[in-house]
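Each chain is listed here by its residues.
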Amino acid sequence: MPIPKLNIIGELINNSYARARRAFTDRDVTKYQELAKGQSALGAAYLTVNLDGTQRISVRAEEMLEFLPEVVPALQEATTTPLAFDNPSVDYHRVALAHYDASKSGRPILNSLAASRTHLDEMIGLVKDHDTRVVVMASEYFTDEGGSQCLDPRDSHSAAKRFIDMLATQADRQPDDIIIDVGLAPVGADTYGLINIGLDAMKLITADPDLKGVHFIVGLSNFAWGTPKGVREQLENAYLTIAGELGLDYALANVEKQPAALPADDPLVAQLRDALEQGRRQGDETQEQAGFRQAEAIMAICAANKEDEDDDWDD
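Model, not experiment: these values are computed from the prediction.

Asks: Would you mind showing me how to read the overall build of the protein chain here?
Replies: Looking only at helices and strands, the protein chain has 11 helices and 10 strands in total. Taken over the C-alpha trace, the protein chain has a radius of gyration of 19 Å; the compact-globule value for 315 residues is 20 Å, and the two agree within 12%. Summarising its shape, the C-alpha atoms of the protein chain cover approximately 55 × 45 × 35 Å along the three principal directions. Of all 315 residues assigned to the protein chain, the portion counted as buried reaches 55%. Look at the contacts in the protein chain between residues 6 or more apart in sequence, and 74% of them connect residues 24 or more apart. As presented, the protein chain carries roughly 13900 Å² of accessible surface, and 48% of it is formed by carbon and sulfur atoms. Looking at the protein chain, you have 29 positive and 52 negative side-chain charges, and the mean spots of the two groups are 2 Å apart.

Asks: Would you take a moment to explain the side chain of Asp177 for this structure?
Replies: For Asp177, the location among the structural elements is in the loop between α7 (153–171) and β8 (178–181). What makes Asp177 buried here is its relative accessible area of 8%. Only 2.8 Å separates the side chain of Asp177 from the backbone nitrogen of Gln174, close enough to count as a polar contact. Dropping the residues within four chain positions of it, Asp177 is found in contact with Arg107, Arg133 and Val134.

Asks: Please explain empty space enclosed by the protein as it appears in this structure.
Replies: Taking a probe equal in size to a water molecule and rolling it over the atoms shows the remaining empty space. Summed over the entire model, instances satisfying the criterion amount to two cavities of 30 Å³ or more. Its boundaries defined by the atoms lining it, the second largest cavity holds a volume of some 50 Å³. Tallied by class, residues from the lining of the second largest cavity come to three nonpolar, two polar and two charged.

Asks: Before we go on, may I ask you to explain helix α9 (residues 229–244) in this structure?
Replies: In an α-helix, one turn spans 3.6 residues; hence positions three or four apart end up facing the same way. Compared with the 22 Å implied by 1.5 Å per residue over 16 residues, the 23 Å span of α9 between its first and last C-alpha is a close match. Taken together, the buried positions of α9 are occupied by Val231, Arg232, Leu235, Glu236, Asn237, Ala238, Tyr239, Leu240, Thr241, Ile242, Ala243 and Gly244. Taken together, the buried residues of α9 touch α8 (194–207), β9 (215–219), α10 (267–278) and α11 (287–302).

Asks: Would you explain the packing of aromatic side chains in this entry?
Replies: Two numbers describe a pair of aromatic rings. These are the distance of the centres and the angle of the planes. The full count for this structure, using the stated rule, is five aromatic pairs. On the numbers, 5.8 Å between centres and 90° between planes, the contact of Phe85 with Tyr100 is edge-to-face. Here Tyr100 lies in the loop between α4 (90–98) and α5 (102–105) and Phe85 lies in strand β3 (residues 83–86), a separation of 15 residues in the sequence. Given a relative accessible area of 0%, Phe85 falls into the buried group.

Asks: What am I meant to see in the environment of Ala102 here?
Replies: Structurally, Ala102 is set in helix α5. Overall, Ala102 belongs to the partly exposed group, its relative accessible area being 39%. C-alpha separation for the pair Ala102 and Pro153, spaced 51 residues apart in sequence, amounts to 36 Å.

Asks: Whenever I open this one, the UniProt feature "domain: Pterin-binding" (unreviewed entry) in the protein chain confuses me. Can you help?
Replies: Sequence positions flagged by UniProt for "domain: Pterin-binding" (unreviewed entry) are, in local numbering, residues 6–277. Span residues 6–277 is 45% helix and 16% strand, its end C-alpha atoms 24 Å apart.

Asks: Honestly, the pairing of strand β6 (residues 140–143) in this entry has me stumped. Any pointers?
Replies: Where a strand is regular, its side chains alternate between the two sheet faces. Bridge count between β6 and strand β7 (residues 146–149): four bridges; the pairing is antiparallel. By the bridge assignment, Thr143 is partnered in β7 with Gly146. Where β6 hands over to β7, the hairpin turn is made up of two residues, counted between the paired strands.

Asks: Sorry, what's going on with the packing of α4 against helix α6 (residues 120–129) here?
Replies: The axes of two packed helices give the description: the angle between them and the distance between them. It is the contact of α4 with α6, at a shortest axis distance of 10 Å, that shows an interaxial angle of 15°. Relative to α6, the element α4 is oriented roughly parallel. Crossing handedness for the pair α4 and α6: left-handed. The segment α4 lies against α6, with Val90, His93, Arg94 and Leu97 engaging Glu122, Met123 and Leu126. Looking at the contact of α4 with α6, its residues break down into four nonpolar, one polar and two charged.

Rules behind the numbers
Residues numbered from 1 in each chain as written. Predicted model: local features only at pLDDT ≥ 70, side-chain atom pairs only at ≥ 80, totals over all residues. Heavy atoms only, no water. Helix = DSSP H or I, 4+ residues; strand = E, 2+ residues; numbered from the N terminus. Rg over C-alpha atoms; globule rule 2.2 N^0.38 Å. Buried < 20%, exposed > 50% of the residue type's maximum accessible area, 1.4 Å probe, protein only. Contact = heavy atoms within 4.5 Å. Areas by Shrake-Rupley, 256 points an atom, 1.4 Å probe, with all protein chains shown as cover. Lys, Arg positive; Asp, Glu negative; His and termini not counted. Charge placed at Lys NZ, Arg CZ, Asp CG, Glu CD. Polar contact = N/O pair within 3.5 Å; in protein donor to acceptor, adjacent residues only side chain to side chain. 1 Å grid on protein atoms, 1.4 Å probe; cavity = no way out; pocket = protein on both sides within 12 Å on 5 of 7 lines; lining within 4 Å. Points joined across faces, edges and corners; volume = space filled by probe spheres on them. Nonpolar A, V, L, I, M, F, W, Y, C, P; charged D, E, K, R; others polar. Expected span 1.5 Å × (residues − 1). Phe/Tyr/Trp six-rings, centres within 6.5 Å; stacked < 30°, edge-to-face > 60°. UniProt positions renumbered as here; feature names shortened; annotations may be inferred. Pairing = 2+ DSSP bridges. Axes fitted to C-alpha atoms, helices over the stretch in contact; angles between N-to-C directions. Parallel < 35°, antiparallel > 145°, perpendicular 65-115°, else oblique. Left-handed = near helix turned anticlockwise from the far one by under 90°.

Below, the structure written as structure tokens:
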């Protein structure tokens with residue numbers, strides 16, 4: 001299928017980035033507005049708002065809930081680009097959506113619903129009450145205990161179907177309102193074959209007539225984590241080509257890097273396809289053995305690159 005237009009959800013309002021950490025630490029809405037304006041100017045379709053803690057900063061739930069009523073209107077004053085609220089907490093979304101004005105920026109995105117979420121019915125209620133679009137995690141399947149990681153693309157397909165049904169019956173959502181996250185692991189450390197599981201899940205979902213019209217998203221910065229800086233962005237773009245052929249049309253990404261699919265005949269696309277094929281089990285081998293073979297193939301792609309592996313998240 002033709003590669004669809006890629007919609008970037010700008011990820012810079014996230015405490016994984018130093019600029020966002022400084023803005024949060026100072027509670028400086030002007031810095032947040034600068035991040036919003038810059039991403040919008042570069043063509044972001046949405047702006048993620050993730051105020052949660054990271055390894056570099058501890059954030060209490062109360063701090064996020066206290067700051068959201070100030071930062072959400074400030075972001076909407078700075079740009080008309082709609083917001084995507086990213087957090088597992090129903091309280092986070094309840095407060096964020098209560099202070100979001102859809103008449104100014106259009107419909108927001110609630111990111112995300114997952115089998116393991118507590119208060120899942122309440123989150124679906126917020127999707128309906130605030131007329132949001134919604135990201136659903138197809139990387140977890142439903143169990144009696146909640147959710148478990150999908151290690152088979154058929155489980156991802158099943159999770160997607162269940163969410164489509166839940167959102168149709170409980171929140172009046174149409175397929176076009178729903179963005180499915182199949183998950184994306186670091187390609188050089190993917191010993192469980194998660195990248196291929198996600199790609200295969202997109203194939204199954206795209207082929208299912210009951211799911212026609214849904215969208216796909218990945219957290220693109222996860223893909224080339226740990227690879228040399230000089231090749232990292234091109235690896236991400238090569239993945240966009242491969243996944244785009246299966247229908248990927250959204251990415252949570254750093255819009256400053258202008259992510260875009262490479263031409264299908266680019267040599268790096270062929271090399272990445274081969275590396276991912278190396279990650280598929282052969283004969284009686286374990287998935288871990290195949291995963292290590294994939295990692296070796298990725299290392300071979302990166303071998304010529306000698307640049308430092310600085311952490312882009314800390315820009």
